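Working through the structure, step by step
Take a look at the letters that make up each chain.
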Amino acid sequence: MSELFIYNSYTREKEKFESLVPGHAGLYVCGPTVSGESHLGHARPYITFDVVYRYLTHLGYKVRYVRNITDAGHFEEEGRVAEDKVATKAQLERLEPMELVQKYTNLYHWGMRAFNNHEPSIEPTATGHIIEQINMIQDIIKKGYAYEVNGSVYFDVKKYAEKYPYGKLSGRVLEDQLETTRDLDGQDEKRNKADFALWKNAPPEHIMRWTSPWGEGFPGWHIECSAMSSKYLGQTFDIHGGGMDLQFPHHESEIAQSTIAHGHAPVRYWMHNNMITINGKKMGKSYNNVIKLTELFSGNHPMLEQAYHPMVVRFYILQTHYRSTLDFSNEALQASERALKRLWEAYEVLKKLVHPGNAEAADSKLDAEVITKCKECDDFMNDDINTAKVIGNLFELVPVINSIKGGQIATNALSASTHALLLQTFKTYIQDILGLQPLQVQQGDKIDQVLSLLIDIRRDARTRKDFATSDQIRNKLSEAGITLKDEKDGSVSYTIE
RNA sequence: GGUCGCGUAGCCGAGUGGCUAGGCAAUGCUCUGCAAAAGCAUCUACAGCGGUUCGAAUCCGCUCGCGACCUCCA
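Residues numbered from 1 in each chain as written. Chains lettered and ligands numbered in written order. Predicted model: local features only at pLDDT ≥ 70, side-chain atom pairs only at ≥ 80, totals over all residues. Heavy atoms only, no water.

This brings us to the overall build of chain A. In terms of helices and strands, chain A carries 15 helices and 18 strands. Dimensions of chain A, computed from C-alpha atoms along their principal axes, come out at roughly 90 × 55 × 35 Å. A burial count over chain A gives 51% of its 497 residues as buried. Taking all contacts inside chain A whose residues are at least 6 apart in sequence as the whole, residues at least 24 apart take part in 75%. (Helix = DSSP H or I, 4+ residues; strand = E, 2+ residues; numbered from the N terminus. Buried < 20%, exposed > 50% of the residue type's maximum accessible area, 1.4 Å probe, protein only. Contact = heavy atoms within 4.5 Å.)

Take the packing of aromatic side chains next. Under the defined criterion, the tally for this structure stands at 16 aromatic pairs. Measuring from centroid to centroid gives 5.6 Å for Phe-155 and Tyr-160, while their planes differ by 65 degrees, and the two rings are edge-to-face. For Tyr-160, a relative accessible area of 2% gives the class buried. Taken together, a centroid distance of 6.4 Å and an interplanar angle of 65 degrees make the contact between Phe-315 and Phe-395 edge-to-face. Separated by 80 residues along the polypeptide, Phe-315 in helix 9 (residues 310-318) and Phe-395 in helix 12 (residues 387-406) bring together distant segments of the chain. Here Phe-315 falls in the buried class, since its relative accessible area comes to 0%. (Phe/Tyr/Trp six-rings, centres within 6.5 Å; stacked < 30°, edge-to-face > 60°.)

Below, the discussion takes up the pattern of salt bridges. Under the criterion given, the structure shown has 26 salt bridges. By sharing partners, the salt bridges in this structure join Arg-458, Arg-462, Asp-471, Arg-474 and Asp-486 into a single network. (Salt bridge = Lys/Arg side-chain N within 4 Å of Asp/Glu carboxyl O.)

With that settled, the discussion passes to the sheet that holds strand 11 (residues 215-219). Reading across from one edge, 7-8-9-11-10 is the order of the five strands in this open sheet, with antiparallel pairing throughout. Each edge of the open sheet is held by one strand with a lone partner, namely strand 7 (146-149) and strand 10 (210-212). Ignoring strand direction, the axes of neighbouring strands in this sheet form an average angle of 35 degrees. (Pairing = 2+ DSSP bridges. Axes fitted to C-alpha atoms, helices over the stretch in contact; angles between N-to-C directions.)

What follows is about the side chain of Arg-44. You can see Arg-44 is positioned in helix 1 (residues 40-58). With no salt bridge to any partner, buried Arg-44 finds its closest opposite charge in Asp-327, at an N-O distance of 9.8 Å. Engagement of the side chain of Arg-44 in a polar contact is seen with the backbone oxygen of Met-275, the distance being 3.1 Å. Once residues within four sequence positions are removed from consideration, Arg-44 is found in contact with Asn-273, Asn-274, Met-275, Ile-276, Ile-317, Thr-320, His-321, Tyr-322, Ser-324, Thr-325 and Leu-326. (Lys, Arg positive; Asp, Glu negative; His and termini not counted. Polar contact = N/O pair within 3.5 Å; in protein donor to acceptor, adjacent residues only side chain to side chain.)

Attention now moves to the protein's contact with RNA strand B. The environment of RNA strand B is made up of 59 residues, and the closest members are Trp-221, Gly-243, Leu-246, Lys-282 and Met-283. Near-protein atoms of RNA strand B (within 4 Å) split between backbone and bases, with sugar and phosphate holding 69%. Between Tyr-287 and RNA strand B, the recorded distance is 3.0 Å, taken from a side-chain N or O atom to a phosphate oxygen. Between RNA strand B and the protein, one listed contact pairs a base nitrogen with a side-chain N or O atom of Asp-471 at 2.8 Å. No other element matches helix 12, which puts eight residues into the surface near RNA strand B. (Near = heavy atom within 4 Å.)

Glancing now at the pairing of strand 9 (residues 196-201). Taking burial as the measure, the six residues of strand 9 include five buried ones, the bulk of the element. Looking at chain direction, strand 8 (residues 152-155) and strand 9 are connected through three bridges and run antiparallel. Looking at strand 9, one finds that Val-153 is bridged to Trp-199. As judged from the three bridges shared by strand 9 and strand 11, these two strands associate in the antiparallel manner. Opposite Lys-200, over in strand 11, you have Phe-218 as the bridge partner.

Now for the domain arrangement of chain A. In many analyses, interface size is given as the accessible surface area lost on bringing the parts together. Structurally, chain A comprises domain 1 (5-273), domain 2 (278-433) and domain 3 (445-496). Spacing between the C-alpha centres of domain 1 and domain 3 amounts to 56 Å. (Domains from an automatic or database assignment.)

The next thing to look at is the side chain of His-129. With respect to the secondary-structure elements, His-129 resides in the loop between helix 2 (97-114) and helix 3 (130-142). Ignoring anything within four residues of it in the chain, the contact list for His-129 reads Pro-124, Met-228, Lys-231 and Tyr-232.

Within the secondary structure, Gly-243 is located in strand 12 (residues 237-243). Here Gly-243 falls in the buried class, since its relative accessible area comes to 8%. Expressed as a C-alpha distance, the spacing of Gly-243 and Glu-254, which sit eleven residues apart in the sequence, is 14 Å. Non-local contacts of Gly-243, meaning those with residues more than four positions away in its chain, are made with His-251, His-272, Asn-273 and Met-275.

Here Pro-124 shows up in the loop between helix 2 and helix 3. C-alpha of Pro-124 to C-alpha of Thr-70: the two residues are 54 residues apart in sequence and 8.7 Å apart in space. For Pro-124, the contacting residues outside a window of four places in its chain are Val-66, Arg-67, Asn-68, Ile-69, His-129, Met-228 and Tyr-232.

Here we come to helix 11 (residues 364-382). Under the 1.5 Å per step criterion, the end-to-end length of helix 11 is 27 Å for 19 residues, consistent within 8% with the ideal 27 Å. Among the residues making up helix 11, those that are buried are Leu-366, Asp-367, Val-370, Lys-373, Cys-374, Cys-377, Phe-380, Met-381 and Asn-382. Immediately downstream of helix 11, the backbone of Asp-384 shows phi near 60 degrees, a positive value. (Expected span 1.5 Å × (residues − 1).)

Attention now goes to the pairing of strand 4 (residues 62-67). Pairing of strand 3 (residues 24-29) with strand 4 involves six bridges; the strand directions are parallel. Bridged to Gly-26 within strand 4 is Arg-64.

Attention now moves to the confidence of the model for chain A. Here chain A shows a mean pLDDT of 90. Residues at 70 or above account for 93%. Here strand 6 (residues 80-81) is the element of chain A with the lowest mean pLDDT, 60, and strand 4 is the one with the highest, 98. (pLDDT = per-residue confidence, 0-100.)

This brings us to unusual backbone geometry. Residue Pro-249 is bonded to the preceding Phe-248 through a cis peptide linkage, with omega at 0 degrees. Of note, Pro-249 is situated in helix 7 (residues 247-262). One non-glycine residue with positive phi stands out, namely Asn-279, at about 55 degrees. In this structure, Asn-279 sits in the loop between strand 14 (276-278) and strand 15 (281-282).

Here is the structure:
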């Protein structure tokens, strides 16, 4: 049996995955900052690591999957500003930070459900772990790697770099960082430009604030992940995932903080997914080219030619290896939609096929080929979660399935065990590991009865060669989004959009 | 400017030095009352130039083009 290898961004090599505790695996993924709506770019890490989570589970690991929610910081909403500059403003008129956070957390959860992402085992919030963060900061100060200035606390990167390989994860040289000419907030307070904030003093107008040993303020961006991951997964844990754009400074800082606080590096395997691009450019806030999930699912965006089902988006993302960039286009999404329909229909056909039960394959060559294609799926997943190759193989099996149904391939061509393997492979991969769901609306009994009636009437018409009537039924149903298919065996099946 | 990565057929996209990935689109054929679906077949590409090698999309060098990070960012 082959073993799982994953590409470790830290060592830049594919490494054999061995969990810290046999049989258990710890997975931490950077979750969203809930100060705005999730967009297509955000979908990628959550779908990617959902598959990682599913696959580890499939391999038999008991996985603890932690995905945080960043709900602390400078939060604003268009038209309403969280930083209330008028102290006398009525409570209900100003924006409550938690109100904003609640709204976007709900929307985010809605998106995750639509994508059929499993819920994480623990979904900790930054605001719920202020004490843990303060404790960790105090610890770092005590160990001499952080200093306080005017109610803010900064991590001493220069000192850290003397002893530890700062910049290794992101491939950066500290000297370059020290020479940066950027003019950033709080730059004057820092000893060095590369230092980052662990705790920020809150100006009077900042509503989101907590009491700390350094006065009222709020935690720095990086500390929450370190505090929460160590709390729930331990000071060393297996996999930390996130987007490539988080490598620096976010993940680099996490490593530095945790290394000082705990005396060793926090993460054994770093995994980073690549970006989704649009017209060649990264989709991101700064580029003003985002397509929000609500827009994507409704088609309500100038760049969208149609609405795209969440499963189509999921499939589209999984058709590419997670470390490659993925370019958005209507054409690509539409291709994914057709492809997914084809794959799913083949799966439905396969579920209904009845195998005659022969233990020996009538076509041993085909039989061997099918076995190979099925088994290869495991190898592909084990090779750094290559969902693109898995999907490729599934598609190579589609003609086999359709041909058995269509009669081009004999029903006894495959042995009973190979047939079972084929069905098992499709089920395991399509549903359990890739986490796909049917696009088709689940029809109720009543619709089913009505359609049966129409199909019967049409069948009678066809028998009488009254094609005008039969075509009318088919065309009208088609306009309503219901497609009738005359099967070879004389039966009629239908799909509802 | 520094660091890293990418450039694959009409489009998307996988590719570990040698054996047509795959999807979508297109064309032809088969099946069908006609469709749809399905099956079969066709379309055989690796930015350019040079090098290593019996053999390179895959390794090395150079050139051109594109992008990411260096600042909030999935």
